Amino acid sequence: MPGGGQEPGSYYVGVDVGTGSVRAALVDQRGVLLAFADQPINQWEPQFNHHEQSSEDIWAACGVVTKKVVQGIDVNRIRGLGFDATCSLVVLDKQFRPLPVNHEGDSHRNIIMWLDHRAVSQVHRINETKHGVLQYVGGVMSVEMQAPKLLWLKENLRETCWDKAGHFFDLPDFLSWKATGVTARSLCSLVCKWTYSAEKGWDDSFWKLIGLEDFVADNYSKIGNQVLPPGASLGNGLTPEAARDLGLPAGIAVAASLIDAHAGGLGVIGADVRGHGLACEGQPVTSRLAVICGTSSCHMGISKDPIFVPGVWGPYFSAMVPGFWLNEGGQSVTGKLIDHVVRGHAAFPELQAKATARCQSVYAYLNSHLDLIKKARPVGFLTVDLHVWPDFHGNRSPLADLTLKGMVTGLKLSQDLDDLAILYLATVQAIAFGTRLIIEALEAAGHSLSTLFLCGGLSKNPLFVQMHADITGMPVVLSQEVESVLVGAAILGACASGDFASVQMTLQPSSQDPPPLPDHTALLNRTRPPSPGGNV
Ligand SMILES: Nc1ncnc2c1ncn2[C@@H]1O[C@H](COP(=O)(O)OP(=O)(O)O)[C@@H](O)[C@H]1O
Ligand SMILES: O=C(CO)[C@H](O)[C@H](O)COP(=O)(O)O
């Protein structure tokens, strides 16, 4: 992190709220991760395509992990705190108490999760308006964004939720409010999920046209009328109450947040790759595509000028890297799809027993099993007769069609461990081909990409990484620090503390010591796609 005026020995805390768990890290001023903790979080699926969480559960999990990562250190050296989270919708009443987002009236479940697809009719009507704001979400609004979910609440839970609601937050903004009492929203969440424009603000005509004129009438106080760039310092920092909840000192700087994919993008896209002979070395940062792979995969490409890519979210100005436009491609289920396919297979109990006996994860076992059965052929050739279409939860990009479903062709009557391993491989390949389609759409619209930077839980799977390199034909860079999303969150805390002037400063590779944050080393993988044997 060049040019930082930080005190020696300063620490920053990053908190990352993913779909399945909350993670925290203690990071030093060089971007080195000193401590890590995670804690699973609850999810409810009361009916098909309804996915809910609890903001109280999530806040409690934040406290568990932050207390763990600061154990045994001098907490007075902690200078800043940053949050990132999934782009789920949190609903609170006028006194900031949770409100139910379900027909059961269970106010503990007050979050409509990002992957919830209940608002199909609402998003269809929004897209039929062809309003100008849709140009900035790839031409088609996704059912996973907030406007259709808000309309669903108004049309379906008028008395129990809508009429009582005082505050609708994106989850990253809920966390920064909970920590500071400041209701300001991050430019990242409002631009990417709520149709806010960094240049023009809210568009009254959009909200009136879709039947949510209520927000215009109260000057957007329920969805945010104070907007700050990610990394900006909020109010007087951590409140005494939040400090007790999190086990951190009151008054430390707290940053305006980022969505999780954007924190991951920030954590990897500025990596210092000098000396590895990569195509992107010496090239502008716009030649890099960050791919954040967890429950979903998000493909983050930046540009100096706006690029309109049909079916790819954005262009969003300053939503991830200040001063740059962002296009965000995505696949709604990737980690979740692999888990679904593997766990649902008849041979899964056998796989689990064998992996446990070897003290391995099921994925490490499957990867070594594929090595055994590939015989003399490269692993990619095992799927010549088995193909997966991976849109089990619709297609986010570039087809932007939520009605699409998954498909498998080439099934046989046998269901043994070999079959499971090959189906798993075909699924991973199908996901990688989905990434290739997104890259092709980005490049057709004007992006010029040469290198992938992967992070997130799936980037710990060597087969997933290798298939992405093979199928896209691009080198893949993995960060030395595997928890790059958390490094992104900690960067926010470092900026809010004033130790670093801007988020952008942390991205400039420099020859000075200490090295830029994050402290990356490139791990390279360059292979060409196999011509036969490709999946799909
Ligand atoms: N070591 C690993 N090997 C293979 N897959 C992994 C590994 N670690 C995590 N994953 C996969 O990554 C996905 C979760 O990634 P994560 O970034 O934790 O998700 P989220 O942020 O959505 O909670 C899961 O599908 C999980 O199976
Ligand atoms: O829409 C997104 C980012 O814009 C993400 O898909 C969503 O936030 C979930 O992320 P994850 O898969 O890491 O849990």
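Residues numbered from 1 in each chain as written. Chains lettered and ligands numbered in written order. Predicted model: local features only at pLDDT ≥ 70, side-chain atom pairs only at ≥ 80, totals over all residues. Heavy atoms only, no water.

Concerning the sheet that holds strand 7 (residues 111-112)
Here is step 1: One open sheet holds the four strands; their spatial order is 4-7-6-8, and the pairing between them is antiparallel. Taken across any chain shown, the strands that pair with only one partner, and hence form the sheet edges, are strand 4 (52-53) and strand 8 (165-170).
Here is step 2: Strands in contact with helix 4 (residues 171-180) are strand 6 (89-93), strand 7 and strand 8; relative to strand 8, the strand with the most contacts, it is inclined by about 110 degrees. (Pairing = 2+ DSSP bridges. Helix = DSSP H or I, 4+ residues; strand = E, 2+ residues; numbered from the N terminus. Contact = heavy atoms within 4.5 Å. Axes fitted to C-alpha atoms, helices over the stretch in contact; angles between N-to-C directions.)

A closer look at the environment of A250
Here is step 1: Structurally, the position occupied by A250 is in the loop between helix 8 (240-246) and strand 11 (253-254).
Here is step 2: Sequence spacing of A250 and L289 is 39 residues, and the spatial spacing of their C-alpha atoms is 38 Å.
Here is step 3: Aside from chain neighbours lying at most four places away, what touches A250 is L238, T239, P240 and A243.

Let's talk about the pairing of strand 6
Here is step 1: A large share of strand 6 lies buried, amounting to five of its five residues.
Here is step 2: Both faces of strand 6 are covered, namely the face carrying L89, V91 and D93 and the face carrying V90 and L92.
Here is step 3: Summarising the sheet, strand 6 and strand 7 pair through two bridges and their orientation is antiparallel. Paired with V90 across the bridge in strand 7 is I111.
Here is step 4: Bridge count for strand 6 against strand 8 is five bridges, and the pairing is antiparallel. Bridging across to strand 8, L92 finds its partner in H167. (Buried < 20%, exposed > 50% of the residue type's maximum accessible area, 1.4 Å probe, protein only.)

Some details on the sheet that holds strand 20 (residues 476-478)
Strand pairing in a sheet takes place through backbone hydrogen bonds and is either antiparallel or parallel in direction.
Here is step 1: Spatial strand order, 15-16-14-13-19-20: six strands in an open sheet with mixed pairing. Looking at which strands have only one partner, the edges of the open sheet turn out to be strand 15 (313-317) and strand 20. Going across the sheet, the axis of each strand differs from the next one's by a mean of 25 degrees, ignoring polarity.
Here is step 2: Sheet analysis places strand 15 next to strand 16 (residues 325-331), joined by three bridges and oriented antiparallel. What sits directly across from F317, in strand 16, is W325.
Here is step 3: Across the face of the sheet, helix 9 (residues 260-269) comes into contact with strand 13 (288-293), strand 14 (297-303), strand 16 and strand 19 (451-455) while running at roughly 135 degrees to strand 13.
Here is step 4: Packing of helix 13 (residues 417-445) onto the sheet brings it into contact with strand 13, strand 14, strand 16 and strand 19, and relative to strand 16 it is tilted by some 150 degrees.

Regarding the domain arrangement of the chain
Here is step 1: According to the domain assignment, the chain consists of domain 1 (11-254), domain 2 (267-333 + 448-507) and domain 3 (335-437).
Here is step 2: The C-alpha centroid of domain 3 is placed 26 Å from the C-alpha centroid of domain 2.
Here is step 3: Between domain 2 and domain 3, the residue contacts involve 25 residues of the former and 23 residues of the latter.
Here is step 4: Summed over both sides, the interface of domain 2 with domain 3 buries roughly 2100 Å², with 66% coming from carbon and sulfur.
Here is step 5: If you sort the residues of domain 2 by the area they bury against domain 3, V333, L463 and I471 come out on top, with a joint share of 31%.
Here is step 6: Put simply, domain 2 and domain 3 have zero salt bridges between them.
Here is step 7: Where the side of domain 2 that touches domain 3 is concerned, the elements lending two or more residues are strand 14, strand 16 and helix 14 (462-472). (Domains from an automatic or database assignment. Buried area = accessible area lost by both parts, 1.4 Å probe. Salt bridge = Lys/Arg side-chain N within 4 Å of Asp/Glu carboxyl O.)

Structural notes on the UniProt feature "domain: Carbohydrate kinase FGGY N-terminal" (unreviewed entry) in the chain
Here is step 1: With numbering matched to this structure, UniProt assigns "domain: Carbohydrate kinase FGGY N-terminal" (unreviewed entry) to residues 11-267.
Here is step 2: Span residues 11-267 is 30% helix and 21% strand, its end C-alpha atoms 17 Å apart. (UniProt positions renumbered as here; feature names shortened; annotations may be inferred.)

Thoughts on the site of ligand 1
Here is step 1: The local shell around ligand 1 holds 15 residues, among which G20, R23, T295, D339 and G457 are the closest.
Here is step 2: Contacts to ligand 1 include T19, whose backbone N or O atom sits 3.1 Å from an oxygen atom.
Here is step 3: A distance of 2.9 Å separates an oxygen atom of ligand 1 from a polar atom in the backbone of G457.
Here is step 4: Protein burial of ligand 1: of its 570 Å² of free accessible surface, 74% is covered by the chains.
Here is step 5: Put simply, ligand 1 lies in the largest pocket.
Here is step 6: Residue assignment for the shell around ligand 1 shows that the elements contributing at least two residues are strand 2 (21-28) and helix 10 (335-343).
Here is step 7: A per-class count over the shell around ligand 1 returns two nonpolar, 10 polar and three charged. (Near = heavy atom within 4 Å. Polar contact = N/O pair within 3.5 Å; in protein donor to acceptor, adjacent residues only side chain to side chain. Areas by Shrake-Rupley, 256 points an atom, 1.4 Å probe, with all protein chains shown as cover. 1 Å grid on protein atoms, 1.4 Å probe; cavity = no way out; pocket = protein on both sides within 12 Å on 5 of 7 lines; lining within 4 Å. Sits in = over half its atoms within 2 Å of the grid points. Nonpolar A, V, L, I, M, F, W, Y, C, P; charged D, E, K, R; others polar.)

Here's the deal with the pattern of salt bridges
Here is step 1: A complete count under the given rule lists 20 salt bridges for this structure.
Here is step 2: Between R109 and E104 there is a salt bridge; the shortest N-O distance is 2.9 Å.
Here is step 3: You can call R109 buried: its relative accessible area is 8%.
Here is step 4: Between E144 and R396 there is a salt bridge, with the nearest N and O atoms lying 2.8 Å from each other. With E144 in the loop between helix 2 (120-128) and helix 3 (146-156) and R396 in the loop between strand 17 (387-389) and strand 18 (407-409), this pair connects stretches of sequence that are 252 residues apart. Per residue, the accessibility class of E144 equals that of R396, and both read buried.

As for the nonpolar core
Here is step 1: Counting residues in hydrophobic clusters, the biggest one holds 79 residues, and the most contacted among them are L153, F168 and W207.
Here is step 2: The leading source of residues in this core is helix 15 (residues 484-496), at six residues.
Here is step 3: In this structure, this core is formed jointly by two domains, domain 1 (11-254) and domain 2 (267-333 + 448-507), each of which donates at least three residues.
Here is step 4: Those residues in contact with W207 that sit more than four places away from it in its chain are A147, L150, W194, T195, W202, L212, E213, F215, V216, Y220 and I223.
Here is step 5: By size, the runner-up hydrophobic cluster in this structure holds 55 residues, among which are A421, L425, V428 and A469. (Core = buried A, V, L, I, M, F, W, Y, C linked by side-chain atoms within 4.5 Å.)

Side note on the site of ligand 2
Here is step 1: Near ligand 2, the surroundings consist of 15 residues, among which T19, K193, D260, S296 and E328 are the closest.
Here is step 2: In this structure, S296 approaches ligand 2 through a side-chain N or O atom, which is 2.6 Å from an oxygen atom.
Here is step 3: Contacts to ligand 2 include R396, whose side-chain N or O atom sits 3.1 Å from an oxygen atom.
Here is step 4: Taking 370 Å² as the accessible area of ligand 2 by itself, protein coverage stands at 95%.
Here is step 5: Among the detected pockets, ligand 2 sits in the largest pocket.
Here is step 6: Of all the elements, helix 9 adds the most residues to the shell around ligand 2, at three residues.
Here is step 7: Class assignment of the residues belonging to the shell around ligand 2 gives a composition of six nonpolar, five polar and four charged.
Here is step 8: Three or more residues apiece are contributed to the shell around ligand 2 by two domains, here domain 1 (11-254) and domain 2 (267-333 + 448-507).

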